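Observations on the three-dimensional arrangement
In case you want the letters, here they are:
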Amino acid sequence: MKIPQLDLKAQLPSLREELIRAITDVIDSTQYIMGPSIAELEQAVARYTGVKHGIGVSSGTDALLLSLMALDIGPDDIVITTPYSFFATAGAAARLQARLMFADIDPRTYNLDPGRTIDLIEGLSEKERAQVKAIIPVHLYGQAADIVPLLEVTALSGIPIIEDCAQAIGARYSRDGDVVRAGSLGLACCYSFFPSKNLGGIGDAGMVVTDDDDFADKLRIMRVHGARPKYYHHLIGGNFRLDTIQAAALLVKLPFLDRWHRERQEAAAYYDQHLNGIPGLTCPQLTYPREWHIYNQYIINVPDRDGLKSYLAKRDVSTAIYYPVPLHLQPCFDYLNYRKGDFPVAEEAAERTLALPIYPEISHEQQDYIIGAIRAYSNA
Ligand SMILES: *Cc1c(COP(=O)(O)O)cnc(C)c1O
């Protein structure tokens, strides 16, 4: 049996015709730039998140960059985030020449640890504290990060929280007993519709959603080079537009999203049931009910990660490492002067985590094969 880490072909039979129709409609309309599908998708995704505004953009990376640009972040500012994420999270701040600061992650969830983040802020000099212009928590792998303690701190200081929700569209958390979607509590939430996310386009696409009218307006203006009206520029933006064809494709897929989440949750429960108890192996740890985790990835933690990975590869099971090098140890960030040992939890996660195959259509037969191989490895 050959099992990919993600099988996008498995969803094609149910989508192919509708996707082709949607794309053909865009072609025939000739409204290739900012066509009507964009506003329709923006409203649908904003409603899905539980906020007022959606601003479709060219990618998840650009959603982050545009959000930070709209906060006027620049060389005198500090941006705090996790050292354990996809590069784009930190890259967006670095591209604006902001000073990056990291706080270590929670060893159970791999998400930014709110306590350590607050300690970091409290340990700053008064001058530095005034320079903190954004905190970017990432809802990694599909499980909401605990940002409630951060919201309490930032409510006093006014520091905006930009949620990197690229892997967690539809995930949930709770605040004061209210259950809400990840991305609805910060100033803005950045989605990626990269094909491997739970809601993936047929190419690059992303969106910023926000409840803040003024921020939404600024994002919309900066998305088109800061122009309003066209050719009159009060702000310096860029071309961050979402492609109409991507919006049309995403509108075809959006109605399936909750079902896909459920199927991923079922697959995760099946893994949990059969992998729990294997010596040394830790399954994903839930901080909320399972239905709040959208399992963009199913991550196990094992001491001999690289050995297990190559053992599975020899049995045609593809796995992935997210992420082999924490951000503070990336060569491009040498100038930040972090060193090995600064964020031990992130460093250990980078050595021990492995993403098993997960997608809505994965079958029990496929999972049994993977589980059998992991058991065989651990008994060897
Ligand atoms: C995918 C991803 C991004 C970037 O999204 P793109 O659409 O690929 O630009 C940013 N942050 C995280 C955590 C991601 O997983």
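Each value, and the rule that gives it
Residues numbered from 1 in each chain as written. Predicted model: local features only at pLDDT ≥ 70, side-chain atom pairs only at ≥ 80, totals over all residues. Heavy atoms only, no water. Salt bridge = Lys/Arg side-chain N within 4 Å of Asp/Glu carboxyl O. Helix = DSSP H or I, 4+ residues; strand = E, 2+ residues; numbered from the N terminus. Buried < 20%, exposed > 50% of the residue type's maximum accessible area, 1.4 Å probe, protein only. Axes fitted to C-alpha atoms, helices over the stretch in contact; angles between N-to-C directions. Parallel < 35°, antiparallel > 145°, perpendicular 65-115°, else oblique. Left-handed = near helix turned anticlockwise from the far one by under 90°. Contact = heavy atoms within 4.5 Å. 1 Å grid on protein atoms, 1.4 Å probe; cavity = no way out; pocket = protein on both sides within 12 Å on 5 of 7 lines; lining within 4 Å. Points joined across faces, edges and corners; volume = space filled by probe spheres on them. Nonpolar A, V, L, I, M, F, W, Y, C, P; charged D, E, K, R; others polar. Polar contact = N/O pair within 3.5 Å; in protein donor to acceptor, adjacent residues only side chain to side chain. Domains from an automatic or database assignment. Buried area = accessible area lost by both parts, 1.4 Å probe. Near = heavy atom within 4 Å. Areas by Shrake-Rupley, 256 points an atom, 1.4 Å probe, with all protein chains shown as cover. Sits in = over half its atoms within 2 Å of the grid points.

Moving on: the pattern of salt bridges. Following the criterion strictly, the structure yields 12 salt bridges and no others. Measuring nitrogen to oxygen at the nearest pair gives 2.9 Å for the salt bridge that ties Lys133 to Asp77. Note that Lys133 is positioned in strand 4 (residues 132-136) and Asp77 in the loop between helix 3 (60-70) and strand 2 (78-81), a separation of 56 residues in sequence. Classification of Lys133 by relative accessible area gives partly exposed; the value is 31%.

In this section: the packing of helix 11 (residues 305-314) against helix 13 (residues 364-379). Viewed as axis vectors pointing N to C, helix 11 and helix 13 meet at an angle of 130 degrees, and their least axial separation amounts to 10 Å. By the criterion of interaxial angle, the relationship of helix 11 to helix 13 is oblique. The handedness of the crossing between helix 11 and helix 13 comes out as right-handed. Of helix 13, the residues touching helix 11 (which contributes Gly307, Leu308, Tyr311 and Leu312) are Ile370, Ala373, Ile374, Ala376 and Tyr377.

Now for the layout of surface pockets. Approximately 370 Å³ is the volume found for the largest pocket. Taken together, 25 residues line the largest pocket, and the ones lying closest to its centre are Phe86, Ala166, Ser192, Phe194 and Lys197. Elements represented by at least two residues in the lining of the largest pocket include exactly helix 3, helix 4 (87-95) and strand 8 (188-192). Classifying every residue of the lining of the largest pocket by side-chain character gives 12 nonpolar, 10 polar and three charged.

What follows is about helix 3. A large share of helix 3 lies buried, amounting to 10 of its 11 residues. Among all positions in helix 3, only Gly60, Asp62, Ala63, Leu64, Leu65, Leu66, Ser67, Leu68, Met69 and Ala70 are buried. If you check the start of helix 3, you find a side-chain oxygen 3.3 Å away from the backbone N of Thr61, and it comes from Ser59. Asp72, located one to two residues past helix 3, shows a positive phi value of around 60 degrees.

A word on the domain arrangement of the chain. When cut into domains, the chain gives domain 1 (8-255) and domain 2 (257-379). Measuring from the centre of the C-alpha atoms in domain 1 to the corresponding centre in domain 2 gives 24 Å. Taken together, the 49 residues of domain 1 in the interface contact 36 residues of domain 2. A combined buried area of about 3,700 Å² lies between domain 1 and domain 2, and 60% of that area is made up of carbon and sulfur atoms. The interface formed by domain 1 and domain 2 includes zero salt bridges. Here domain 1 and domain 2 share 26 residue pairs in polar contact (both at pLDDT 80 or more) between them.

Glancing now at the site of the ligand. In the vicinity of the ligand lie 15 residues, with Gly60, Thr61, Gln167, Ser192 and Lys197 positioned nearest. A distance of 2.8 Å separates a nitrogen atom of the ligand from a polar atom in the side chain of Asp164. Side-chain polar atom of Lys197 to an oxygen atom of the ligand: 2.6 Å apart, as the coordinates give it. Protein chains bury 93% of the 380 Å² of accessible surface belonging to the ligand in isolation. Judged by the fraction of its atoms near the pocket grid, the ligand is located in the largest pocket. If you list the elements that add at least two residues to the shell around the ligand, you get helix 3 and helix 4.

Further remarks concern the packing of helix 1 (residues 12-29) against helix 9 (residues 244-253). As a packed pair, helix 1 and helix 9 sit with axes 9 Å apart at the nearest point and diverge in direction by 145 degrees. The two elements helix 1 and helix 9 cross, and the hand of that crossing is right-handed. Contacts between helix 1 and helix 9 involve Leu15, Glu18, Leu19, Ala22, Ile23 and Val26 from the former and Thr244, Ile245, Ala248, Ala249, Val252 and Lys253 from the latter.

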